[in-house]
Amino acid sequence: IIGYQSYSSNKELAFDYEQQGMNDQIVIKFSHVVAENTPKGLAAIRFARLVDEYTNHRVRVEVYPNETLFSDKNELEALRKNEVQMIAPATSKLTDVAPEWQLLDLPYIFPSYAALEESLTGEVGDELLKKLEKDQLKGLAYWPNNFKQITSNTPIRTPADFNGKLFRIMPSKVLERQFEQFGASTSVLGFNDTFRNLEGNNLNSQENTISNINSKKLYQVQKHLTISDHGYLGYAVVVNKQFWDQLPQDIQVRVSKAMDETSSWLWSASQELNQKQLDQIRNTSDINIYKLSEEEKKQWMKEMEFIYPEFEKQIGHDLLKKALEIRN
Ligand code: LMR
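From a predicted model like this one, the values you see are computed outputs, not experimental measurements.

**What about the sheet that holds strand 2 (residues 59-64)?**
Read across the sheet, 5 strands follow the order 2-1-3-10-4 without closing on themselves; strand pairing throughout is mixed. If you trace the sheet from one side to the other, it starts and ends with strand 2 and strand 4 (137-147), each paired once. In the sheet, strand 1 (residues 26-31) pairs with strand 3 (residues 86-87) via 2 bridges, with the strands oriented parallel. Following the sheet pairing, Ser31 is matched in strand 3 by Ile87.

**Points about the sheet that holds strand 9 (residues 224-227)**
An order of 7-6-8-5-9-11 is seen for the 6 strands of this open sheet, with the pairing classed as mixed. Either end of the sheet is taken by a strand with one partner, and the two such strands are strand 7 (185-188) and strand 11 (288-291). In this sheet, neighbouring strand axes are inclined to one another by 25 degrees on average, regardless of whether the strands run parallel or antiparallel. Strand direction decides the pairing type here: strand 5 (residues 149-152) and strand 8 (residues 205-208), joined by 4 bridges, are antiparallel.

**So, the site of the ligand**
In the region of the ligand, the neighbouring residues are Val33, Val34, Lys40, Ala90, Asn145, Met170, Phe191, Asn208 and Asn212. Within the shell around the ligand, the residues separate by chemical class into 5 nonpolar, 3 polar and 1 charged.

**Comments concerning the environment of Asn208**
With respect to the helices, strands and loops of the structure, Asn208 is situated in strand 8. Through-space distance from the C-alpha of Asn208 to that of Thr262 is 23 Å; in sequence the pair is 54 residues apart.

**Some thoughts on helix 2 (residues 39-54)**
Taking 1.5 Å per residue as the helical rise, helix 2 with its 16 residues ought to reach 22 Å, and the 22 Å between its terminal C-alpha atoms agrees with that figure. All of the buried residues along helix 2 are Pro39, Lys40, Gly41, Leu42, Ala43, Ala44, Phe47, Leu50 and Val51. In this structure, the buried side of helix 2 is in contact with strand 1, strand 2, strand 4, helix 8 (210-215), strand 10 (232-240) and helix 10 (249-284). Of the residues one or two after helix 2, Asn56 is the one with positive phi, at around 55 degrees.

Quick notes on the rules
- Residues numbered from 1 in each chain as written.
- Predicted model: local features only at pLDDT ≥ 70, side-chain atom pairs only at ≥ 80, totals over all residues.
- Pairing = 2+ DSSP bridges.
- Helix = DSSP H or I, 4+ residues; strand = E, 2+ residues; numbered from the N terminus.
- Axes fitted to C-alpha atoms, helices over the stretch in contact; angles between N-to-C directions.
- Near = placed C-beta within 6 Å.
- Nonpolar A, V, L, I, M, F, W, Y, C, P; charged D, E, K, R; others polar.
- Expected span 1.5 Å × (residues − 1).
- Buried ≥ 20, exposed ≤ 12 C-beta atoms within 10 Å, placed from the backbone.
- Contact = placed C-beta atoms within 7 Å.

As far as function goes, none of this settles anything; it's purely spatial.
See the structure below:
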């Protein structure tokens with residue numbers, strides 16, 4: 001299979017490997033869609049470095065950022081075919097594979113970063129990862145980004161201000177409903193098509209994390225930024241299952257160690273990175289920034305919670321209940 005280059009646990013070959021250097025390396029191609037100076041971009045680089053260290057160069061992780069290997073639309077298919085061995089799509093992009101994942105798109109399901117971390121590193125996160133195990137997919141970890149904010153061509157202070165807007169969204173029914181309820185239209189587009197379409201006025205609004213708004217310069221083609229923290233955007237690191245299952249046990253252990261350390265690092269680094277990049281946007285661009293007060297956020301939450309019962313059946317009653325227990 002591609003990506004698995006003749007490594008053998010046979011002692012002689014292992015010895016040979018030491019002699020010859022790179023010949024028997026296992027290659028993990030890791031494709032993603034964002035820039036390198038983002039939570040996911042930095043985590044992928046860190047993970048590659050740790051894997052190299054912990055496997056003593058036996059495994060090489062080749063990171064392809066910015067859709068240079070596979071596009072947003074076809075990376076999942078490429079993973080299934082083992083044309084790439086690892087991806088880290090935003091969880092919204094997995095809602096088609098496993099509808100339970102719609103939980104993570106519900107507006108204000110996580111009222112704080114601490115609640116988010118508690119959910120995803122606990123029982124809720126474990127249950128969701130299990131649901132992914134189908135069609136050659138295996139979820140290894142959660143990599144957080146942060147909460148989404150809204151950019152637009154006119155000010156957005158309340159959900160009623162969504163009326164008449166055309167939002168770019170990721171593929172998820174929850175996200176569609178969240179805007180359509182208030183009279184907005186939505187368009188599902190690949191991440192790297194967003195700037196172009198905002199610039200050309202085919203769209204006039206979008207939601208994303210600060211690191212994505214910053215690295216793709218979306219603030220240059222939008223007039224208003226609302227810090228709403230209304231929804232979560234983060235990733236599941238997913239591998240091709242057959243590729244993973246065929247890795248020698250000791251390699252799995254070492255790669256998992258690198259993954260665990262990268263994830264822990266990212267849980268503490270991601271928030272700060274987004275905050276720093278918000279300061280950068282504030283200092284270097286003309287975009288008008290409006291931060292919702294805690295009172296306003298509560299009001300948004302109240303108005304947007306209509307979605308919860310609509311999706312409860314698809315998400316699963318128990319899973320939603322568990323998440324709400326952490327929230328409340
Ligand atoms: C998006 O499509 O907006 C995000 O999924 C991009 C990303 O991977 O952070």
